[in-house]
Amino acid sequence: MAPRSTRSAASLCMFPKGTIEGQHIRLMGKELVRSERGAVGDLFLEVSFAPHPVNHEIGRDLYLELTVAPWEAAPGGKVMMQTPDGKVALTIPAMPTAARNRDKGAKSC
């Protein structure tokens, strides 16, 4: 059996939304090497993602760890955060009053 060609070519392809790691994508008629019959075959890709410095994915969900100071979290408010589509204002709900105030009957150590 003759070795296959190692030539390469650049091609632009758009992945559908919701593509997950490990998924296979078929590009019809994009194989670089012609088969023995002379026909151009399909190119199959297996999707893998390089690690991102800020975001990480689990299944189809994208996660971001956002550090919020206690004085921002307790009264609630808005915090700016970066998303793949740009910056957005994230609303942090205020903590219930009972969770912020110490019980009057509690003794301090």
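Note that the coordinates shown come from a computational prediction; the quantities given were computed from them, not determined experimentally.

(A) Just the layout of surface pockets, in detail. Taken as a whole, the largest pocket holds about 480 Å³ of empty space. Lining the largest pocket are 19 residues; nearest its centre among them are Thr-19, Phe-49, Glu-57, Asp-61 and Leu-62. Looking at the lining of the largest pocket, the elements with two or more residues in it are strand E3 (55-58) and strand E4 (61-64). When grouped by side-chain class, the residues that make up the lining of the largest pocket number seven nonpolar, six polar and six charged.

(B) A look at the pattern of salt bridges. This model, assessed by the stated rule, comprises one salt bridge. Here Asp-42 and Arg-26 are joined by a salt bridge, their closest N and O atoms 2.5 Å apart. Of the two residues, Asp-42 sits in the loop between strand E1 (24-27) and strand E2 (43-46) while Arg-26 sits in strand E1, which places them 16 residues apart along the sequence. Arg-26 sits in the partly exposed class, given a relative accessible area of 48%.

(C) Spotlight on the environment of Leu-45. Secondary-structure assignment places Leu-45 in strand E2. Along the chain, Leu-45 and Gly-22 lie 23 residues apart, while their C-alpha atoms are 9.4 Å from each other. Excluding anything up to four places from it in sequence, Leu-45 contacts Cys-13, Phe-15, Gln-23, His-24, Ile-25 and Leu-27.

(D) Highlighting the confidence of the model for the chain. Overall, the prediction assigns the chain a mean pLDDT of 75, with 70% of residues at 70 or greater. Across the chain, the secondary-structure element scoring lowest on mean pLDDT is helix H2 (residues 97-100), at 53, and the one scoring highest is strand E6 (residues 86-92), at 88.

(E) Main features of the pairing of strand E5 (residues 77-83). Of the strand pairs in this sheet, E5 and E6 are connected by seven bridges, and their pairing is antiparallel. For Met-81, the partnering residue across the bridge sits in E6 and is Val-88. In this structure, the hairpin formed by E5 and E6 is closed by a connection of two residues.

(F) How the structure looks around the environment of Met-95. Secondary-structure assignment places Met-95 in the loop between E6 and H2. As a C-alpha pair, Met-95 and Ala-74 span 21 residues in sequence and 5.3 Å in three-dimensional space.

(G) Highlighting the side chain of Thr-19. With respect to the secondary-structure elements, Thr-19 resides in the segment before E1. When neighbours within four sequence positions are excluded, Thr-19 is seen to be in contact with Ile-25, Val-47, Phe-49 and Arg-60.

(H) A look at the pairing of E3. In the sheet, E3 pairs with E4 via four bridges, with the strands oriented antiparallel. Considered in E4, the bridge of Ile-58 is made with Asp-61.

(I) Fine view of the environment of Thr-67. Looking at where Thr-67 falls in the secondary structure, it is placed in the loop between E4 and helix H1 (70-73). The exposure class assigned to Thr-67 is exposed, which follows from its relative accessible area of 75%. When the C-alpha positions of Thr-67 and Val-79 are compared, they lie 9.8 Å apart, and in sequence the two are 12 residues distant.

Each value, and the rule that gives it
- Residues numbered from 1 in each chain as written.
- Predicted model: local features only at pLDDT ≥ 70, side-chain atom pairs only at ≥ 80, totals over all residues.
- Heavy atoms only, no water.
- 1 Å grid on protein atoms, 1.4 Å probe; cavity = no way out; pocket = protein on both sides within 12 Å on 5 of 7 lines; lining within 4 Å.
- Points joined across faces, edges and corners; volume = space filled by probe spheres on them.
- Helix = DSSP H or I, 4+ residues; strand = E, 2+ residues; numbered from the N terminus.
- Nonpolar A, V, L, I, M, F, W, Y, C, P; charged D, E, K, R; others polar.
- Salt bridge = Lys/Arg side-chain N within 4 Å of Asp/Glu carboxyl O.
- Buried < 20%, exposed > 50% of the residue type's maximum accessible area, 1.4 Å probe, protein only.
- Contact = heavy atoms within 4.5 Å.
- pLDDT = per-residue confidence, 0-100.
- Pairing = 2+ DSSP bridges.

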